[in-house]
Each structure stands twice: as structure tokens, then as C-alpha cells.
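For reference, the chains in residue letters:
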Amino acid sequence: MSIPALHPLPRPEGEVEQLREVWRPPGGVRFLTVVNNTYIGIFYIGTALLFFLLAGVLALAMRTQLAIAENDFLSQDAYNQFFTMHGTIMMFLFAVPAVEAMGVYLLPAMLGARDLPFPRLSAYAFWAYFVGGLLFFCSLFFDLAPRGGWFMYPPLTMKEYSPGIAADFWLLGIGFIEISAIAGAVEIIVGVLRTRAPGMSLDKLPIYAWAMLVFAFLIMLAFPAIIVGTALLELQRAFGWPFFDAARGGDPLLWQHLFWFFGHPEVYIIFLPAAGFVSMILPTMCGVPLAAYRLVVIALLATGFAALGVWVHHMFATGIPALSISFFSAASMAVAVPSGIQVFAWIATLARGRVRITVPTLFVLGFLFIFVLGGLTGVMVGLVPFDWQVHDTFFVVAHFHYVLIGGMVFPLFGAFYYWAPTASLRPLSERLGRWVFWLLFLGFNVAFFPMHVTGLLGMPRRVWTYSADMGWEPLNLLSTAGAYGMGVAVAVFLVDLARNFRPFHDKGGAGDVWSAGTLEWIENSTYGVRSIPVVDSRDPLWAHPDLADCTEAGAYFLPGTATGTRETLVTSPLDGRPEYVVQLPGPSWKPFVAAIATALAFYSLTLEMVLPAFALGALTIAAILAWVWDSDRGPARPPVDVGGGHVVPTYAAGRLSHAWWGVAVLVVVVAMLFAALFFSYLYLRLVSPDVWPAATGHALPAPAWPIATAALLLASGAAIAWAGRALARRRPGRFGWDQPALVLALAALVGAFAVELVGQRSTGLVPQHTSYAAVVYALIGLQGALVFALTVMGLYTLARSLTGRLGPVRRVTFDNTRLLWSWAVVQGLVMTALLHGAPRILD
Amino acid sequence: MHSAAREFVREMLEMTAGPLVWLLYLLVMYGAAAVHCARPAADAADRTPLLIAGGALGAVAIGLLAWSVLRARRELASESTSDARRFVDRVAFALGVFGIGAIVWTALPVLLSPACGVVTDAAQRSW
């Protein structure tokens, strides 16, 4: 049965041509300014693959070094740089960006949207990652690559033991690339929740979109911890603030907590999207819907939460009390339950359908085999006594490569082969693909299975060579041979890409070569689908075989461009009801310039070029402000008919607006940054009470200081609320009280920050002296960064108001600023209570 | 808050209450154990405060989730809700049950493991 057309067919002549014209990418050098997901997604995937190749070459060099005992192919120092860069690049520059890139590319088509809700943010995130990542890699050529391993533990990475700027490259480079990942997560959360096809309620959401939603929430909650960690370690290295220096009340374990609060969820951040690939590929290849859809959603959500509660299992060998590690051992083993649910759902899908053994199927089967083995060794190392036995040995190296390559790389290759026809005029080759699979599968197992044994025989990870009489040589030689097999597999894949991958075509791709059931297989051009279909099933193309043709004929929502600009439909988050049409921004140099300037600003800081760094920072802010200046266009057009008599507005402000949802996600990120510092304060108090004021006799600021801070914060909150009410009452062309109220709010917010800072300084507190002083100033510094951002946003809002771009209806800029402002007030109050209350109450 | 946005946030919190409450329980118990073990060795050796805290907090957490599970079941029994809401209630029900099981499982170490001290061979022999 068909879904009835929403309007008469055929559609008027010229409609699709207008749509194509509006979405046409710029030519020549301006092609660099494209912002829509079909281009940025592929740039992103290509760049992630480039980093995969670069880190893979480093791996082959390391395996060559280890192939025989006492080899001198690499020096010890080069080996240290290689393993640090291999792990760092694979985790930060390949794995997370690759799965995020696939989301950027696939999600709009899968959800029936024309693009993600913030296309310029995607472009910014991509270019920042591209330039920042390449600069980071180039540090290797100047002997400036870090040597501290991908988790960069202090004290090894403290200035005393890692002099020079190599570690700073890691800290500033990676901290900055995380910001790019967070930008992508904002896109994905708002995209999945607000830009779905009408009728695509949560129970009909493609399982991949569920996986990406959990993925993006995990980035939002976990990545701030590593940003705080890298900031603290950089503050220690650059200015001597002793967060991790035990002699001055710091603790190296604080780094491990912050790192692994990010680092463990990172594993699921990589794995869950890959599980999403598998849950999409298998039903197509079996010709049946995914078994136990609801249970798989439950498993994804449970895994997401569990991911946040197991970080201490990376720290079993650090001397943490027995009960504490037992909690995390129990929690780690509990993760097997939701993971098992997914595995059984895949097995059930295989059992129910008629399996087509294609290249994507092979990669999924390879994934199941390898990932289950990696999962089992995961349960083994979740047991504390076993973990101690194999800690820091090659057994662990084998375990996490089984999890990461099995759990992510195999599904990713499967996904490349599966979805390539949506982007390329030709599918990838089945014949070459089978070579890639078998070489990779056999190469992988030959390389990594022996490492379990090498580890049990006692070979530690990260040694650059070993003595012949240890008996490790045959196994290492075997591992090296397997690694080269994997290298050949990747080379064959590149040949396949070169021969067959033909993206960026007006027609989209080769089409639905697998007879799949989800929306991304409808013919997809630069503008996405011709019309946005109505969805009433989880596999809409199977439920309605003519849906693709009807969609292509323009039978459903937005068959042309209703506003004459790039646009997509915003729907309600739970049940996918059309709410409004959002006008999307098009190509621009501004996000490109902002991204390049951001990357260069961070690297200038690394090279201690302070003035250029500030200049580039200012350029970044200017480019971002210029880019958003014309984003809030206001309700310039009347409501439009999007199809079938559905008339919806072309503008929304306040909590209905997708932009407000984006800022709400950002507020959670800021709250998590604060939570990480809040935890650091309490942790340092717990481990080093002897540097807290009660023990050192250092005077706290008199109560008048925090009272003044709190009063100013409350005044700022009241003034911003007043500004909001005044804006709602303002008449066009008339004076409004919102402007003075905004100035007052800003003055009070800056004043509160200044009072807190001066109050602490007035007691003679110096951040270099103790971890207490350092963490106090770090908290104030975070508040200061937020106040700086709000100063820019406040002045920007004021500028829009003064130029007539802000009013009672056209108020997205104000609403977004107020949301972050409200959080700044709350954060300031909690911080004041902590800094002045905790030393008085706890001591 | 725009009513639909508020409604959605409430639905999502109800849907994920199971693992959310479990995660909070784990974090609070981890913090409690850390604070307890930072006390002088003689005080820290006594597990009673942790047993009381773990039991009381566990009871509150399980009570909350039991309420959430029953609420979801009641919602499912009413026939007026949409497919999307029924889906959310079914997920809430299952995750609530999962959360209760996870809390019991995670709390077991309070009964079975020594409270403090780094585990060594000697300590293991003395258990």
C-alpha cells in the first residue's frame, strides 16, 4: 500500500531545478567553502582514512622493529614517539572522527532531512580537525612528537621528565580536537531529535540514529573531562600549578581519573556507532527487520550509561581501596549484559533471514567473531586479580585491538562497502572487497592472537626491543607478518577506492543496490531527497515499495524550496510532527577562516608565540561573529505550506528553536567541564588535606567577599530575566529597557568574577604554591572563560539590538545568550559556595 | 520551558531512569567508600557505616525505580497513548528492571569485599 501523495502530481516544471540551484555547491576555489553534509561528510571520512593510513604506517614500523630480538630499525626514542602517535592518532584523529563523519554523512539522508541543522558548524568542525590534525602529525617530522603514550600519564609527562614542547603539542592539539568532536555531537543530537521526517517517531527511528544519539550524548558528557585534564596538565607544565605534583599536594592519579572518565566512554563512543552499522547492514543482507529492535535500543541506552560508570577499571593496579575497585569490577562485568543482548539480536536476525554473503556481510561476520573474543578477554581483565597478572603486558594490547579493530574497524569497512553506493556512481568492487576482507581478517588474527600469548609470557607493552633469550621472538615475528597482511588489505582497499569511488555527482550515487529498507537509499542529491517522505514504519522502503519513486516525484513534504533558500523541516522530538521550516545557511569562507585561525592559535600557543596566538584568537572570534551575524534572519517570510495543507512558520525562537536545543547541549558540556573541576577540588581535598587552609593556616577571604560575589551573580540573573521580559514588550523602532538591562547584567556578571578573583588574591593565595591554590584558581579561571564568552555574546546581542536585528519575535540570539547566561549564574553560585563553604565546613 | 520541550525532557528522564539512578548510586557509593577509607585506619576498618549507607541508599534507589517501573506499567495498561509513548514506556519499564538488578549487583561488594586498604597477597590471605 502506498502512502498517499500530499499534493497533485506531477509537480510544476522548474521546481526541482530551483531546488538544485539553491543547493548548488560553489565552483573553483570556493568549493572549499561548501558546508552541506554530503560534501563535508565525505571530506571528513576521507581525512579520517588518511589518519588511519598514517597511524597504520607507524604501526608497521613498530612491528618491523619488534619482528626480531634486539633490532635497531627504530631507536628507543623514535619508538616512544611512534607508539604515542599511533595510539593518539588512531583514537583521536581516526576512530572518533571516522564514526562522527559517517554520522554527518549518513544521518540527514537516513532521517529524511536535507542537511544537518547547523551546516556551518560541521564545516568549522571539519576544517579545524583537518588542519589541527595534520599539524599535530607533522610534529613527528621535527622530533617534536610526544613520547608519553596515548594516555600521557604524569609524572612522566610533567615538565621535569618530559622537557621541551612535545607533550604540549599533545595537550593543546588534542584538547583542541576534542572541541571539534563536541561541535559534531551538538549537530548530531539536534539533528536526530529535531530534523526527522514527519511520522518518524522515536519508535521508528533507524537503529543507527539511536546509536548515534547515545554516541553524541557520551561525547557531550565524557569529553569535557579530558579537556579539563589537558588544561590542568598544561597549566602545570606552562605555569607550575601543581595539580599532579605530590610534593605540593597534587596527585598523578587525578589525571588518571580525568583521563579515564573520558577514556573508557571513548571505547563505547567508537563501538556504539559501529554496532549501529551492524544493526543496519544485517537486516538488509538477511532481508528481514532487525530482531528485537526495542531490546537493542534498551541495550544501546544501558551501554551508554554503563560506559560512564566503569572508568576505574583502567586503574585497578594503582592502589585504590579494595571496595572501590570491586564496585567497578562489578560494573564492568555488568556491561556484558547489554553487549550480549545486541550480539544475540544480530544472531537472531541472521537466523531468521536468508543471508546474502556480500562484502558487508563478511565484515559483519568478521566483526562478530573478533569482537566476541575481545569482549571475553574484556570480562577477563574486568576481574581484578587477572588484570593484575596481565597489566601492561601484550595481553592487554591484544585485548583492546580485538575490541577496537573488531568492534570498530571491521564494521566501518563493512559500512564503506555497504553505503558507498549512496555516494558513488559505482559501488565498490565485490571481488576486491573479498580480498580486503580475507586479508584483513587473517592478517588481524595472525597479528593479534599471538599477542595474548606473548603477554602471558610476560612481554610488557611499549618496550622498543627485547632480548633473544626471552623466547618471544617467534610470536613477535608472526605478529609482524600478520600486520603486513593487514597493510596489504588496506592497500587493496585503496585500489578499490581509486578504481570505483566516484562521489560528488548531481545524481547522488548508484542507488539501492542492496534492496535496503531505510530512507538513505532513496535517490539523494546535494539537496538530499526531492521531497521529505512521510514515515510510518521502521523500514519504510520495504513497507511501501513505491515510496522511493513517490518521494522522487515530489509527492511529499517540501517538494521544492518553500522559502527560496536552503531549508529543512524541523519536527517534534518524540513523535516527529512538523513544527517549522528552518532556513539553513549556505557556503561561506567565514567558518573556514574561523577553523584555520582556531587551529593556528592553538599551535602558536604550543610554540610559545603568545602575540600571534592572541591575534589568531581574535580573528577566530571575529570570523565566528561574522558567520552568525546573518544566521538569525527572523520571520521575514510568512508561514508556508510544506505539503498537504500543513502550514508551518519559517522561524522559531525560544525553546521551540533548534538553535536553543544546540545551546542547551552546549550548556551541558560547560556543566560537565565544571563538574570535572568540582570533582578535582574534592579529590585533591581528600588526598591532600594538609595543603588546605585549616592545615596550612592560610586565611580564607572574609565572608563579605563571597556575599558580594553571590549578590552580583543574583543581580546579573535578575537583570538578564528583566531584559528578556523587556524585549518581549518592546515595540518596533522604540526604546526598550532590554538594552540597559543587558548592560547591567553584563556589568554584574563581570563584577562577580572580578570580586571572586580579587578576594582570593587579597589573601596572598598563589597558584604555584599548593594544589589547593591551583584548583581554586582553575575554578575561577573556568568561570572567567565563561564570563569572557558571555561578554562577547552579550555585546554581540546588544549590537544586534542597536542595529534593529533583535525584537520581541526575532529573538533567537537573545534567548540563546540568556540560556548560557543562566547557567553561568548557577555555576558561579555553586563555585562560590564550594570555594568558601567547603574549607569552612570540611575543615 | 516550551511545553513540548519540557514534556520531552521529562519523557527521556523517565525512560532512562533505570541506568541513570544506577549510575548515581555507583558514583555516590564510590565517593562514600573513598571518604570512608580516607579516615584513620582503625576507623576505616569498620565497614558498618558503608553497609548502612549502601543499604539505605540502595533501598531509596530501588524504591525510586520500582515506582518508575510501576508507573510505566500503568501507562502501558492505558490504551489511549500513541505508539511513540508506548515505546518510551516499554523501554522505561525494561531499563527500570535492569537498573534495579544493576544496583543489587553493584552493591554486592559492600557485603563481600573488605572496605579499605590496598589489596595485597597478605591482605588476601587474611580475609
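Thresholds applied
- Residues numbered from 1 in each chain as written.
- Chains lettered and ligands numbered in written order.
- Predicted model: local features only at pLDDT ≥ 70, side-chain atom pairs only at ≥ 80, totals over all residues.
- Heavy atoms only, no water.
- Helix = DSSP H or I, 4+ residues; strand = E, 2+ residues; numbered from the N terminus.
- Contact = heavy atoms within 4.5 Å.
- Areas by Shrake-Rupley, 256 points an atom, 1.4 Å probe, with all protein chains shown as cover.
- 1 Å grid on protein atoms, 1.4 Å probe; cavity = no way out; pocket = protein on both sides within 12 Å on 5 of 7 lines; lining within 4 Å.
- Points joined across faces, edges and corners; volume = space filled by probe spheres on them.
- Nonpolar A, V, L, I, M, F, W, Y, C, P; charged D, E, K, R; others polar.
- Buried area = accessible area lost by both parts, 1.4 Å probe.
- Salt bridge = Lys/Arg side-chain N within 4 Å of Asp/Glu carboxyl O.
- Axes fitted to C-alpha atoms, helices over the stretch in contact; angles between N-to-C directions.
- Parallel < 35°, antiparallel > 145°, perpendicular 65-115°, else oblique.
- Left-handed = near helix turned anticlockwise from the far one by under 90°.
- Domains from an automatic or database assignment.
- Expected span 1.5 Å × (residues − 1).
- Bend = angle between axes of the 7 residues up to and from the residue.
- Buried < 20%, exposed > 50% of the residue type's maximum accessible area, 1.4 Å probe, protein only.
- Patch = residues over 30% accessible without salt bridge, like charges linked within 9 Å, V, L, I, M, F, W, Y side chains within 5 Å.
- pLDDT = per-residue confidence, 0-100.
- Lys, Arg positive; Asp, Glu negative; His and termini not counted.
- Charge placed at Lys NZ, Arg CZ, Asp CG, Glu CD.
- Phe/Tyr/Trp six-rings, centres within 6.5 Å; stacked < 30°, edge-to-face > 60°.
- Lys NZ or Arg CZ within 6 Å of the ring centre and 35° of its normal.
- Pairing = 2+ DSSP bridges.

1. A few points about the overall build of chain A
Looking only at helices and strands, chain A has 25 helices and four strands in total. With respect to the principal axes defined by its C-alpha atoms, chain A has extents near 80 × 80 × 50 Å. Restricting to contacts in chain A with at least 6 residues of sequence separation, those with at least 24 account for 81%. Put simply, chain A shows about 28200 Å² of open surface, and 70% of that area lies on carbon and sulfur atoms.

2. A closer look at empty space enclosed by the protein
Residues and elements named next belong to chain A. Enumeration according to the criterion identifies five cavities of 30 Å³ or more in this entry. Its boundaries defined by the atoms lining it, the largest cavity holds a volume of some 220 Å³. Around the largest cavity, the lining is made up of 20 residues, and of these Thr-38, Tyr-105, Thr-422, Asn-524 and Ser-525 lie nearest the centre. Among the elements of the structure, α2 (37-67), α3 (76-111) and α13 (394-423) are those that each provide at least two residues to the lining of the largest cavity. No other element matches α2, which puts four residues into the lining of the largest cavity. Considered class by class, the residues forming the lining of the largest cavity number nine nonpolar, nine polar and two charged. Of the voids in this model, the second largest cavity is the one considered here, and its volume is about 70 Å³. For the lining of the second largest cavity, the secondary-structure elements that each account for two or more residues are α3 and α5 (166-194).

3. Structural notes on the interface of chain A and chain B
Listed as interface residues are 44 residues of chain A and, on the opposing side, 43 residues of chain B. Carbon and sulfur atoms make up 83% of the area that chain A and chain B hide from each other, which totals about 3700 Å². Summed over the shared surface of chain A and chain B, the number is zero salt bridges. Of all the secondary structure elements, the ones that give two or more residues to the side of chain A that touches chain B are α8 (293-307), α9 (322-334), α10 (336-352) and α20 (658-687) of chain A. Considering each element in turn, the side of chain A that touches chain B owes the most residues, 10 residues, to α9 of chain A. Considering only residue class, the side of chain A that touches chain B consists of 32 nonpolar, six polar and six charged.

4. Thoughts on the packing of α9 of chain A against helix α2 (residues 17-37) of chain B
One can describe the packing of α9 of chain A onto α2 of chain B by two numbers: an axis separation of 9 Å at closest approach and a directional angle of 160 degrees. The angle between the axes of α9 of chain A and α2 of chain B places the two elements in the roughly antiparallel class. In terms of crossing hand, the pair formed by α9 of chain A and α2 of chain B is left-handed. Taken together, the residues of α2 of chain B that come into contact with α9 of chain A (itself represented by Leu-323, Ser-324, Phe-327, Phe-328 and Ala-331 of chain A) are Trp-22, Leu-26, Met-29, Tyr-30 and Ala-33 of chain B. Of the residues that constitute the contact of α9 of chain A with α2 of chain B, the class distribution is nine nonpolar, one polar and no charged.

5. Considering the domain arrangement of chain A
All names here are of chain A. Per the domain assignment, the segments making up chain A are domain 1 (34-500) and domain 2 (665-842). The C-alpha-based centres of domain 1 and domain 2 are spaced at 36 Å. In this structure, the connection of domain 1 to domain 2 is made through zero salt bridges. Every element with two or more residues in the side of domain 1 that touches domain 2 is listed here: α5, α6 (207-239) and α7 (252-286). No other element matches α6, which puts eight residues into the side of domain 1 that touches domain 2. Its residues assigned to classes, the side of domain 1 that touches domain 2 comprises 18 nonpolar, four polar and two charged.

6. Some thoughts on unusual backbone geometry
All names here are of chain A. Residues Leu-9 and Pro-10 are joined by a peptide bond in cis, for which omega reads 0 degrees. Within the element layout of this structure, Pro-10 appears in the segment before α1 (15-23). The omega torsion of the bond from Pro-154 to Pro-155 falls at 10 degrees, within 30 degrees of zero and hence cis. Mapped onto the elements, Pro-155 comes out in the loop between α4 (119-138) and α5.

7. Some words on α6 of chain A
Residues and elements named next belong to chain A. Taking 1.5 Å as the rise per residue, α6 with 33 residues should run 48 Å; its terminal C-alpha atoms sit 47 Å apart, in good agreement. Along α6, the sharpest change in direction is near 30 degrees and occurs at Ala-222; proline Pro-224 comes one to four residues later. Within α6, 27 of the 33 residues are buried, leaving the element largely enclosed by the surrounding structure. Of the residues trailing α6, Gly-240 is marked for its positive phi of about 80 degrees.

8. Quick word on a nonpolar patch on the surface
Taken together, the side chains of Val-29, Leu-32, Trp-589, Val-593 and Leu-619 of chain A make up a nonpolar region of the molecular surface, amounting to roughly 400 Å² of accessible area. The topology assignment puts Leu-32 of chain A in the loop between α1 and α2.

9. Looking at the confidence of the model for chain B
Looking at chain B as a whole, the pLDDT averages 86, with 88% of positions reaching at least 70. Scored below 50 in pLDDT, residues 121-127 of chain B makes four contacts in the model with residues more than four places away or belonging to other chains.

10. Observations regarding the side chain of Asp-168 of chain A
Examined against the element boundaries, Asp-168 of chain A turns out to sit in helix α5. In this structure Asp-168 of chain A touches Lys-159, Gly-173, Glu-234, Arg-237 and Thr-606 of chain A, once residues within four positions along its chain are discounted.

11. Describing a positive patch on the surface
A contiguous patch of positive charge on the surface is contributed by Arg-426, Arg-431, Arg-499 and Arg-502 of chain A. Turning to its location among the elements, Arg-502 of chain A is positioned in the loop between α15 (473-500) and α16 (540-543).

12. As for the packing of aromatic side chains
Residues and elements named next belong to chain A. Under the definition given, this model contains 81 aromatic pairs over all chains. Geometrically, the ring pair formed by Tyr-466 and Trp-472 is tilted, given 6.0 Å between the ring centres and 55 degrees between the ring planes. Both residues of the pair, Tyr-466 and Trp-472, count as buried. A cation over a ring is seen here: Arg-538 above Tyr-293, with NZ or CZ 3.7 Å from the ring centre. The ring of Trp-629 has Arg-800 lying over it, and the distance from NZ or CZ to the ring centre is 5.1 Å.

13. What to know about the packing of helix α11 (residues 359-382) of chain A against helix α14 (residues 430-456) of chain A
When two helices pack together, their arrangement is given by the angle between the helix axes and by the axis-to-axis distance. Residue and element names in this part refer to chain A. The contact between α11 and α14 brings their axes to 9 Å, and the two run at 10 degrees. Classified by the interaxial angle, the pair formed by α11 and α14 is roughly parallel. The residues of α14 that touch α11, namely those facing Val-359, Pro-360, Leu-362, Phe-363, Gly-366, Phe-369, Ile-370 and Thr-377, are Glu-430, Gly-433, Arg-434, Val-436, Phe-437, Trp-438, Leu-440, Phe-441, Phe-444, Asn-445 and His-452.

14. Describing the pairing of strand β2 (residues 578-583) of chain A
All names here are of chain A. Burial runs high along β2: five of the six residues are buried. Summarising the sheet, strand β1 (residues 567-571) and β2 pair through five bridges and their orientation is antiparallel. Looking at β2, one finds that Val-570 is bridged to Tyr-580. Connecting β1 to the antiparallel partner β2 that follows it, the hairpin turn spans six residues, and Gly-576 within it adopts a positive phi of roughly 65 degrees.

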